[in-house]
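Survey of secondary and tertiary structure
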Amino acid sequence: MAVGVTGTAPLPLWLASKMSSRARPGRRAIVSGAVKPSRSDRLVFTEPETNLIEALLGVQGRGRGVSPKQLLDVERAIQDLETSNGVPDPTSSNLIEGSWQLIFTTRPGTASPIQRTFVAVDSFKIFQEVYLRTDDPRVTNVVKFSDSIGELRVEAVATINDGNRILFRFDRAAFSFKFLPFKVPYPVPFRLLGDEAKGWLDTTYLSNTGNIRISKGNKGTTFVLQKVTEPRQKLLSAIANGEGILEAIEELISSNKMKRGGDFGFFFFEKLGRSYQKRDFGSLVGEWQLLWASESDSESWSSVASRGLKGMQIIKEDGQVTNWTVPFPGSRVTATGTLVENPKSKTSVLMNEGAFEFGPLKLPFDVKEKFIMEILYVDNKIRIGCIDKVTVVHLRL
């Protein structure tokens, strides 16, 4: 494997009050705890860096589940950064030192067993620790399974070759499990591998803030790593891990309030409310995939489809809403309705038509359901809302 693979805060009362006391943790769908950031901790990205982050949102398995269009967008963003003004001679800069989280990698057929086994699992966190200015320079790949299970550390002796390249040689690895008082050796005889345990890593881009790094390994793999993960990425990671989701939601909403300099809901709906009269629903228009919901398992399929608590949601410019979900292969449950004009953040949704679809067979059923959809956060990729006290997270397709 190329070396490139590498607090929890209480919920505020305003958000906690929106959570149903009987709601259960949402199920994992397609795709931790966080401390509310201060203004001095706010992440700042250049436009090319922002383009890369936007392209990576929603990519599954750190690249394994990438679609052709997503891959094209990511590759273009990487190329733009590699030709931009990053830190010159990155291996000579202190900014390369520290722990980096892997957020994307290409997956050539020559990838190592570690990379093939662990990198594509979203619930595992992959880090790379780079410490070159010590008596024992090292680059270490860390696979964190979970806080309760433990981690795998694969270490390599590192040498700076030039301003961009680090030479490495793997020499030790071990599992550290929380339930064992000793380390379990990783069963790879590095000393017997000879040149197979050696390699190099080129850093093709290092941001001037020291937060984003792009590297290429000797096996042709490209890696995108970050020191500090931005709130939307943290939320998607929390959903994949199944823990710290509400805290990540709070951090994302809070960080956006700081950017706006005030209450996001007021800003968004003050702007959106003016467009209601034109029958233009602005940032809500599009196709949305539900990623997570604090839903109750006791809901019927018709009720779940009506309120959009599973599957897809499509919102058109005229305010028409279509929710649909697939209870089992070859079938679909749909519900259609309209957004009711409201200048406030709490928007009424009136559903008036439903259908069970089995291949070409379509069986209509009556839907007369009105519910409240409150938007807590929305941008061009992520939407967070509350539907009758159920918190939902959507990803724009």
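One structure accompanies this document, and this report is about it. In this convention, every chain numbers its residues from 1, walking through the sequence in written order. Owing to the predicted nature of the model, reporting of local features is limited to residues with pLDDT of at least 70; listing and counting of side-chain atom pairs is limited to 80 or more, with chain, interface and lining totals taken over all residues. As a convention, hydrogens and water are excluded, and side-chain values are obtained from all of the structure's heavy atoms.

**A closer look at the side chain of Ser207**
Under the DSSP-based scheme used, a helix requires at least four consecutive residues in state H or I and a strand at least two consecutive residues in state E, with every element numbered from the N terminus. By the secondary structure assignment, Ser207 is in the loop between β7 (198–206) and β8 (212–217). Relative accessibility thresholds used throughout: buried, under 20% of the residue-type maximum; exposed, over 50%; partly exposed, between the two (1.4 Å probe, protein chains only). With relative accessibility at 0%, the residue Ser207 sits in the buried group. Note on contacts: a residue pair qualifies if any of its non-hydrogen atoms lie within 4.5 Å across the two residues. Sequence-distant contacts of Ser207, defined by excluding residues within four places in its chain, comprise Glu49, Val87, Leu95 and Ile212.

**Comments concerning unusual backbone geometry**
Of note, Asp89 is a non-glycine position whose phi angle comes to about 50 degrees, a positive value. Locating Asp89 in the fold gives a position in the loop between α3 (68–82) and β1 (98–105). On the accessibility criterion, Asp89 (45% relative accessible area) is partly exposed.

**Details of the environment of Leu52**
Mapped onto the fold, Leu52 is located in helix α2 (residues 47–56). The class of Leu52 is buried, set by a relative accessible area of 1%. As for Leu52 and Asp73, which are separated by 21 residues in sequence, their C-alpha atoms are 7.9 Å apart.

**Examining the packing of α2 against α3**
Throughout, an axis means a line fitted to C-alpha atoms (over the contacting stretch in the case of helices), and angles, computed between N-to-C directions, take values from 0 to 180 degrees. Contact pair α2 / α3: the axes reach a minimum separation of 9 Å and the direction vectors enclose 160 degrees. Taken together, the axes of α2 and α3 lie roughly antiparallel to each other. Every pair of crossing elements has a handedness; the one defined by α2 and α3 is left-handed. Judged by residue contacts, Pro48, Glu49, Asn51, Leu52, Ala55 and Leu56 of α2 engage Asp73, Val74, Ala77, Ile78 and Leu81 from α3. Counted by class, the contact of α2 with α3 contains eight nonpolar, one polar and two charged residues. Each angle gets one of four labels, with under 35 degrees taken as roughly parallel, over 145 as roughly antiparallel, 65 to 115 as roughly perpendicular, and the rest as oblique. A clockwise turn of the near helix away from the far one marks a right-handed crossing, whereas an anticlockwise turn of less than a right angle marks a left-handed crossing. Put simply, Ala, Val, Leu, Ile, Met, Phe, Trp, Tyr, Cys and Pro go in the nonpolar bin, Asp, Glu, Lys and Arg in the charged bin, and everything else, Gly too, in the polar bin.

**Side note on the nonpolar core**
Take the buried Ala, Val, Leu, Ile, Met, Phe, Trp, Tyr and Cys residues and link them wherever side-chain atoms come within 4.5 Å; each set so joined is a nonpolar core. The biggest cluster of nonpolar side chains holds 27 residues, and the ones touching the most others in it are Leu132, Leu152 and Phe170. Of all the secondary-structure elements, those providing two or more residues to this core are β1, β2 (125–131), β3 (138–146), β4 (150–160), β5 (165–177), β7 and β9 (222–226). With five residues, the single largest contributor to this core is β5.

**As for the pattern of salt bridges**
Salt bridge, as applied in this entry: a Lys or Arg side-chain nitrogen positioned within 4 Å of an Asp or Glu carboxyl oxygen. Per the stated rule, a full pass over the model turns up 16 salt bridges. A salt bridge links Arg138 to Glu155; the shortest N-O distance between them is 3.7 Å. Separated by 17 residues along the polypeptide, Arg138 in strand β3 and Glu155 in strand β4 bring together distant segments of the chain. Both residues of the pair, Arg138 and Glu155, count as buried. One salt bridge connects Asp379 with Arg232, and the closest N-O pair in it is separated by 3.2 Å.

**A few points about the environment of Lys216**
Following the sequence through the fold, Lys216 ends up in strand β8. Of the residues examined, Lys216 reaches a relative accessible area of 30% and is grouped as partly exposed. Residues Lys216 and Arg165, spaced 51 residues apart in sequence, show a C-alpha to C-alpha distance of 9.4 Å. If we skip the residues at most four places from it in the chain, Lys216 touches Glu82, Trp200, Leu201, Asp202, Thr204, Thr221 and Thr222. A distance of 3.0 Å separates the side chain of Lys216 from the side chain of Thr222, its partner in a polar contact. Between N or O atoms, a polar contact is any pair within 3.5 Å; within protein, one atom must be a potential hydrogen donor and the other a potential acceptor, and residues adjacent in sequence are included only when both atoms are from side chains.

**Digging into α2**
Of the positions making up α2, those classed as buried are Glu49, Leu52, Ile53, Glu54, Ala55 and Leu56. Looking at the buried residues of α2, the elements they touch are α3, β1, β7, β8, β9 and α6 (231–241). Two residues or fewer past α2, Gly58 is found with a positive phi of approximately 90 degrees.

**Remarks on α3**
Here α3 is 15 residues long and its end C-alpha atoms lie 21 Å apart, about the 21 Å a rise of 1.5 Å per residue gives. Residues of α3 that are buried include every one of Val74, Ala77, Ile78 and Leu81, and no others. Along the axis of α3, the buried residues cluster in a sector spanning 100 degrees; they form a single face. The exposed set on the far side of α3, more than 90 degrees from its buried face, consists of Pro68 and Lys69. Residues of α3 that are buried in the fold lie against α2, β1, β7, β8 and β9. Working rule for helices: expected span equals 1.5 Å times residues minus one. Arc definition: directions from the helix axis to the C-beta atoms.

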